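# Observations on the three-dimensional arrangement
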Amino acid sequence: MSAWKWRQLYAKAASLQLSALLHDGVTACSSQFFMQLPEDLATTWQQAAESAEAKHRQASSEVAELMGLLGTKQMRPILLEPWASVGLYPHPEHCVSARVAIYFPYETQGHKADEWAKANGSRHDESHKHILTYQWKSLDVEHRHRMFLLSNKLNNMTLQGIIEHEWLEGGTSHVVLDGQRIETVAPTLAMLTALLSIVKTTINEGLHLWQILDLGIMLRQQGQLVDFVKLQGWIERLHFGRMAQHIGLILTGLLGFSVDETPFMRPEEADADSLAGELLGENARPTKYIRYYPSESIASVMSSITHSLGNVQE
């Protein structure tokens, strides 16, 4: 590529907070003659990767410390994405996120955790139902009293039933973070919430590429542990098959996944270029997704309006 194209690529990667991850690919191809990466940009890119590593070390240590503190107080914190999948990356130190989502499956422990957060954290916010957000050291933390919430009440009731049933069956797993073994969600349920997170974010904000990368890593590293028959049943019960199809098309059409690696999609509808481009190329408009996930899109619009009116009243 030309020097101009390289600089455009770096600027885009930096804006998406993916420059360190992309640096891994650039480094792997550095011996290729046609790379032609400008030397000054190579230095800048290397420095960005080193900066990401330092931020990751600090955040990783703080996440492990926070989970340890909550765990020793018998609150049973469950680490959710994105930190639960960071260790699956070839170079975890190049994944940077200051957002930490923690699930408390039991109401009593969850309330105790909230009281602890109010006493030890700052910038508390309880404006969203079943969620407390606050800052602890350099971390933006969410305490979730529901693992995941959907806007449509019927869909949400179904989802909570799925989560509760899986939890009663012992659906947990573990990750190692900063040398500490931390409880997280079992692969099949984690895959469901990862898909739903992409769906909900896309409807409300637009597609976030890092969520697609996290899902791809989960599929490559833990796909053999996922019960895709069960997952497909959940997708049908929650009525987001067409949105799951779009996600699969991005993975197969743009990131080189095979249809066999994405069993939650229907290969007979694999018009990858047009549908994946449609998701990546436009700004978020909830009404755009009515035909793909009508129940959630409409409920999301109404929820946003209600929340906005509440803020105006305040």
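Up top is the structure these notes are about.
Structural notes, computed from the coordinates. Within every chain, residues take consecutive numbers counted from 1 along the sequence as written. It should be noted that, the model being predicted, local features are given only for residues of pLDDT at least 70 and side-chain atom pairs only at 80 or more, the latter also being counted only at that level, while totals for whole chains, interfaces and linings use all residues. Heavy atoms from the whole structure form the basis of all side-chain values; hydrogens and water molecules are not counted.

### What to know about the overall build of the chain
Rules: Runs of E in the DSSP output that reach at least two residues are strands. Runs of H or I that reach at least four are helices, and both are numbered from the N terminus. Burial classes follow relative accessibility: with a 1.4 Å probe on protein chains only, a residue under 20% of its type's maximum area counts as buried, one over 50% as exposed, and anything between as partly exposed. Should any heavy atoms of two residues lie within 4.5 Å, those residues are considered in contact. Accessible surface is estimated by sampling points in the Shrake-Rupley manner with a 1.4 Å probe; for residues, cover comes only from the protein chains shown.
When helices and strands are counted, the chain shows 12 helices and 7 strands. Relative to its 314 residues, the chain shows a buried fraction of 46%. Summarising the internal contacts of the chain: among those between residues at least 6 apart in sequence, 66% fall at separations of at least 24. Carbon together with sulfur atoms contributes 53% to the accessible area of the chain, which is approximately 16,000 Å² in total.

### Brief notes about the pairing of strand β6 (residues 172-177)
Along a regular strand, successive side chains alternate from one face of the sheet to the other. Worth spelling out the cut-off: By the convention used here, strands pair only if DSSP detects at least 2 bridges between them.
Of the two faces of β6, the one lined by S173, V175 and L177 is fully buried and the one lined by T172, H174 and V176 carries no buried residue. In the sheet, β6 pairs with strand β7 (residues 180-185) via 6 bridges, with the strands oriented antiparallel. By the bridge assignment for β7, H174 is matched with E183. Between β6 and β7, which follow one another and run antiparallel, lie 2 residues, and D178 among them has a positive phi close to 55 degrees.

### Some points on the packing of aromatic side chains
The condition is simple: For Phe, Tyr and Trp, rings pair up if their centres lie within 6.5 Å, where Trp contributes its six-membered ring, and each pair is then called stacked (planes under 30 degrees apart), edge-to-face (over 60) or tilted (otherwise). Both a distance and an angle decide whether a charge sits over a ring: NZ of Lys or CZ of Arg must be within 6 Å of the ring centre and within 35 degrees of the ring normal.
Evaluation of the coordinates by the stated rule reveals 4 aromatic pairs. A centroid spacing of 6.3 Å and a plane angle of 75 degrees characterise the contact between W6 and W45, whose relative ring orientation is edge-to-face. Highlighted residues: W6 in helix α1 (residues 3-15) and W45 in helix α3 (residues 39-72), separated in sequence by 39 residues. In terms of burial, W6 and W45 fall into one category: buried. On the numbers, 6.4 Å between centres and 45 degrees between planes, the contact of W116 with W136 is tilted. One end of the pair, W116, is in helix α5 (residues 107-120); the other, W136, is in strand β4 (residues 131-136), and 20 residues separate them in sequence. Counting every residue linked through ring pairs, the aromatic cluster contains W6, Y10 and W45. Here K200 stacks its cationic end above the ring of F148, 5.6 Å away from the centre of that ring. Lying across the ring of F257, R220 places its NZ or CZ 4.0 Å from the centre.

### What to know about the layout of surface pockets
Quick reminder of the rule: Space inside and on the surface of the protein is sampled on a 1 Å grid over the protein atoms alone, with a cavity defined as a set of points where a 1.4 Å probe fits but cannot get out and a pocket as an open set with protein on both sides within 12 Å along at least 5 of 7 lines; lining residues have an atom within 4 Å of a point. Grid points are joined across faces, edges and corners, and a volume is the space filled by probe spheres set on the points. Note on residue categories: nonpolar means Ala, Val, Leu, Ile, Met, Phe, Trp, Tyr, Cys or Pro, charged means Asp, Glu, Lys or Arg, and polar means any other residue, Gly included.
In this structure, the second largest pocket spans a volume of roughly 500 Å³. Lining the second largest pocket we find 20 residues, and of these L21, L22, Y89, L213 and L255 sit closest to its centre. Within the residue set of the lining of the second largest pocket, elements represented by two or more residues are α1, α2 (19-28) and α8 (209-222). Ranked by residue count, the leading element in the lining of the second largest pocket is α8, at 6 residues. For the lining of the second largest pocket, the class distribution of residues is 14 nonpolar, 3 polar and 3 charged.

### Considerations on the pattern of salt bridges
Note the cut-off: We count a salt bridge whenever a side-chain nitrogen from Lys or Arg sits within 4 Å of a carboxyl oxygen from Asp or Glu.
Applying the stated criterion across every chain yields a total of 8 salt bridges. For R144, the salt bridge identified is with E142, shortest N-O distance 2.9 Å. Its relative accessible area of 16% is what places R144 among the buried residues. Judged by its relative accessible area of 18%, E142 is buried. One network of salt bridges, with partners in common, ties together E115, K118 and E126.

### A word on α3
Where we set the bar: Expected span, for any helix, means 1.5 Å times one less than how many residues it has.
Between its first and last C-alpha atoms α3 spans 50 Å; for 34 residues at 1.5 Å apiece the expected length is 50 Å, and the two agree. Where α3 ends, the next residue or the one after it, Q74, has phi of about 60 degrees, a positive value.

### Concerning the nonpolar core
For clarity, the cut-off: What we call a nonpolar core is a set of buried Ala, Val, Leu, Ile, Met, Phe, Trp, Tyr and Cys residues that are connected through their side-chain atoms within 4.5 Å.
The biggest cluster of nonpolar side chains holds 43 residues, and the ones touching the most others in it are L192, L215, L231, F240 and F264. Only β2 (99-103), α6 (153-168), α7 (187-204), α8, α9 (228-238) and α10 (241-254) provide two or more residues apiece to this core. A total of 10 residues in this core trace back to one element, the largest contributor, which is α7. Grouped together as the second largest cluster of nonpolar side chains are 28 residues, L18, M67, Y89 and A117 included.

### Some points on the side chain of N152
Its location among the elements puts N152 in the loop between β5 (139-144) and α6. For N152, a relative accessible area of 18% translates into the label buried.

### Concerning α2
Taken residue by residue, α2 has S19, A20, L21, H23, D24 and V26 as its buried positions. Elements that come into contact with the buried residues of α2 comprise α1, α3 and α8.

### Section: the packing of α1 against α3
Stated precisely, the cut-off is as follows: Note on definitions: angles span 0 to 180 degrees between N-to-C directions of axes, and those axes are lines fitted to C-alpha atoms, for helices only across the stretch in contact. Here the angle decides the label: under 35 degrees means roughly parallel, over 145 means roughly antiparallel, 65 to 115 means roughly perpendicular, and every other value means oblique. Crossing handedness: left-handed means the near helix sits turned counterclockwise from the far one by under a right angle, and right-handed means the same turn made clockwise.
Contact geometry of α1 with α3 gives a least axis separation of 11 Å together with a crossing angle of 15 degrees. Judged by the inter-axis angle, α1 sits roughly parallel to α3. Considering how the two elements wind past one another, α1 and α3 form a crossing that is left-handed. Between α1 and α3, the residues in contact are W6, R7, L9 and Y10 and D40, L41, T44, W45 and A48, respectively. Of the residues belonging to the contact of α1 with α3, the class tally is 6 nonpolar, 1 polar and 2 charged.

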